[in-house]
Amino acid sequence: MDDVGFYLGLARNASRSGLRALELAVGTGRVAIPLARAGIRVLGLDRSPAMLEVARRKAAGLEAIEFVEGNMASFSLDEKFGLIYIPARSFLLLTAVEDQKACLGCVREHLDADGRLALNFFNPDIPLMAAWMRSAGKGMQPARAVEFGARGGVLEWESRRYLTSTQQIDETRIEERLDAGGAVISRIYRKMGLRYVFRFEMEHLLRLCGFEVEALYGGFDFEPFTDASTEMVWVARPAAS
Ligand SMILES: C[S@@+](CC[C@H](N)C(=O)[O-])C[C@H]1O[C@@H](n2cnc3c(N)ncnc32)[C@H](O)[C@@H]1O
């Protein structure tokens, strides 16, 4: 099963409460739109108006879905949800511990007492992180080249470094458009920061923010989390107070 099927299953269970599902960092609706097509009432939150514009266009005519602009670390909606989910590793985009806690705090406030939080992100890949540590300071490396013949081409460069002190990956990508003679006619810079979260760190974070871990899976087929798992798939519920 893929992530869409996994979140759809949880959303179906949660929808028995009559409450909507909330997707944080919904992007262009890759997960939320199929859920809405399957009859789930969903609200999608994202801080990017550009992503939301695409999502709204893709979802035109679907009544079960709505979108709202907001920050997953500081949202306030006058509604409780049966399921709040964060797919596609977006929780790792919160690079400060205060933001991670603020996000989980907002989720706790907006979750029904019988509701569920579900999210997935990478199991940190130690060999890969070590390689990024070794490549630190080596500057931009070629990542991809596409030739369009007489119409020129595209060259992509990237640099990644992993910082152990902050558990962060800093990634810079440059996309260069070339004319047929190989001269650069445009250059786009993209920067991205991710913060890796380790297994027990997440357990502690969840507890600290008022959740009980219901399950940690190693994938979307409910398989156990093991040394070989590349993904952590979490399901948590509000802790009994
Ligand atoms: C990888 S996309 C995920 C899209 C979608 N959830 C999916 O599964 O395809 C990450 C999204 O996170 C959004 N984002 C990043 N930081 C955010 C924040 N603090 N609050 C809300 N959205 C955020 C970005 O605008 C982007 O749309």
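Residues numbered from 1 in each chain as written. Predicted model: local features only at pLDDT ≥ 70, side-chain atom pairs only at ≥ 80, totals over all residues. Heavy atoms only, no water.

### A few points about the site of the ligand
Near the ligand there are 17 residues, and of these Glu23, Ala25, Arg30, Asp46 and Met72 occur at the shortest range. Measuring from a nitrogen atom of the ligand, one finds a side-chain N or O atom of Glu23 at 2.8 Å. A distance of 2.8 Å separates an oxygen atom of the ligand from a polar atom in the side chain of Arg30. When the ligand sits alone it has 600 Å² of accessible area, and the protein chains cover 83% of it. Residue composition of the shell around the ligand, grouped by class: eight nonpolar, five polar and four charged. (Near = heavy atom within 4 Å. Polar contact = N/O pair within 3.5 Å; in protein donor to acceptor, adjacent residues only side chain to side chain. Areas by Shrake-Rupley, 256 points an atom, 1.4 Å probe, with all protein chains shown as cover. Nonpolar A, V, L, I, M, F, W, Y, C, P; charged D, E, K, R; others polar.)

### Considerations on the pattern of salt bridges
Evaluation of the coordinates by the stated rule reveals 20 salt bridges. The salt bridge partner of Glu53 is Arg57, with a shortest N-O separation of 3.4 Å. With Glu53 and Arg57 both in helix α3 (residues 49-58) and four residues apart, this pair spans about one turn of that helix. One salt bridge connects Glu203 with Arg199, and the closest N-O pair in it is separated by 3.3 Å. Here Glu203 and its partner Arg199 are both found in helix α6 (residues 199-208), four residues apart, which amounts to about one turn of the helix. Here Glu203 falls in the buried class, since its relative accessible area comes to 14%. Note on Arg199: relative accessible area 31%, which makes it partly exposed. (Salt bridge = Lys/Arg side-chain N within 4 Å of Asp/Glu carboxyl O. Helix = DSSP H or I, 4+ residues; strand = E, 2+ residues; numbered from the N terminus. Buried < 20%, exposed > 50% of the residue type's maximum accessible area, 1.4 Å probe, protein only.)

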